[in-house]
Amino acid sequence: MNIEKDKLLELFKEKVTDSIYPLKMGGHIDEKAFNELLLVAEEATKLLKDDDLVPKKLLLEIYLASGAIAGDNEYFKSEFLSEISARLLNCFNLIIDGRTVEDQRCHGPRII
């Protein structure tokens, strides 16, 4: 996905409107819209990796979106919504840590 850094917040808010509002208003889970929302958040980790200063508003939107999905999932008990919420929160943490979703993670102790 080709996203400009200065359009991240606008695009993320648009995807929130397309995905979370139908969930809140009518209980409609649009998997395509949620996957697009997650795609924008994951792209944000890549675009903001080398930045010393990251936009607080974007971080707030990602955090609130994750919380809103998790809150509604108390009612729906959907594994899909649970995964989306966790992955959004992961993107939030990765942006703060200066890493991306593509970074390699060691899953065990290093053997010397």
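Residues numbered from 1 in each chain as written. Predicted model: local features only at pLDDT ≥ 70, side-chain atom pairs only at ≥ 80, totals over all residues. Heavy atoms only, no water.

**Some details on helix α4 (residues 79–97)**
Turning to step 1, where the next piece is worked out: Here α4 spans 27 Å end to end across 19 residues, near enough to the 27 Å set by a 1.5 Å rise per residue.
Turning to step 2, where the next piece is worked out: Within the sequence span of α4, burial applies to F80, L81, I84, S85, L88, C91, F92, L94 and I95.
Turning to step 3, where the next piece is worked out: On its buried side, α4 packs onto α1 (8–26), α2 (31–47) and α3 (56–76).
Turning to step 4, where the next piece is worked out: Taking the backbone nitrogen of F80 as reference, a side-chain oxygen 3.3 Å away marks S78 as the first, capping residue of α4.
Turning to step 5, where the next piece is worked out: Phi turns positive one or two residues past the end of α4, at G98, with a value near 75°. (Helix = DSSP H or I, 4+ residues; strand = E, 2+ residues; numbered from the N terminus. Expected span 1.5 Å × (residues − 1). Buried < 20%, exposed > 50% of the residue type's maximum accessible area, 1.4 Å probe, protein only. Contact = heavy atoms within 4.5 Å. Polar contact = N/O pair within 3.5 Å; in protein donor to acceptor, adjacent residues only side chain to side chain.)

**Some details on the side chain of S78**
Turning to step 1, where the next piece is worked out: By secondary structure assignment, the location of S78 is in the loop between α3 and α4.
Turning to step 2, where the next piece is worked out: A distance of 3.2 Å separates a polar side-chain atom of S78 from the backbone nitrogen of L81.

**Considerations on a nonpolar patch on the surface**
Turning to step 1, where the next piece is worked out: On the surface, a cluster of nonpolar side chains totalling about 360 Å² of accessible area is made up of L60, Y63, L64 and L89.
Turning to step 2, where the next piece is worked out: Of all the elements, α3 adds the most residues to the nonpolar patch, at three residues.
Turning to step 3, where the next piece is worked out: Along the polypeptide, Y63 turns up in helix α3.
Turning to step 4, where the next piece is worked out: Accessibility expressed as a relative area gives 46% for Y63, which makes it partly exposed. (Patch = residues over 30% accessible without salt bridge, like charges linked within 9 Å, V, L, I, M, F, W, Y side chains within 5 Å. Areas by Shrake-Rupley, 256 points an atom, 1.4 Å probe, with all protein chains shown as cover. Salt bridge = Lys/Arg side-chain N within 4 Å of Asp/Glu carboxyl O.)

**What to know about the environment of K7**
Turning to step 1, where the next piece is worked out: Tracing the sequence through the fold places K7 in the segment before α1.
Turning to step 2, where the next piece is worked out: Since its relative accessible area comes to 39%, K7 is described here as partly exposed.
Turning to step 3, where the next piece is worked out: Each C-alpha atom, one on K7 and one on D72, is 28 Å from the other, the two residues being 65 residues apart in sequence.

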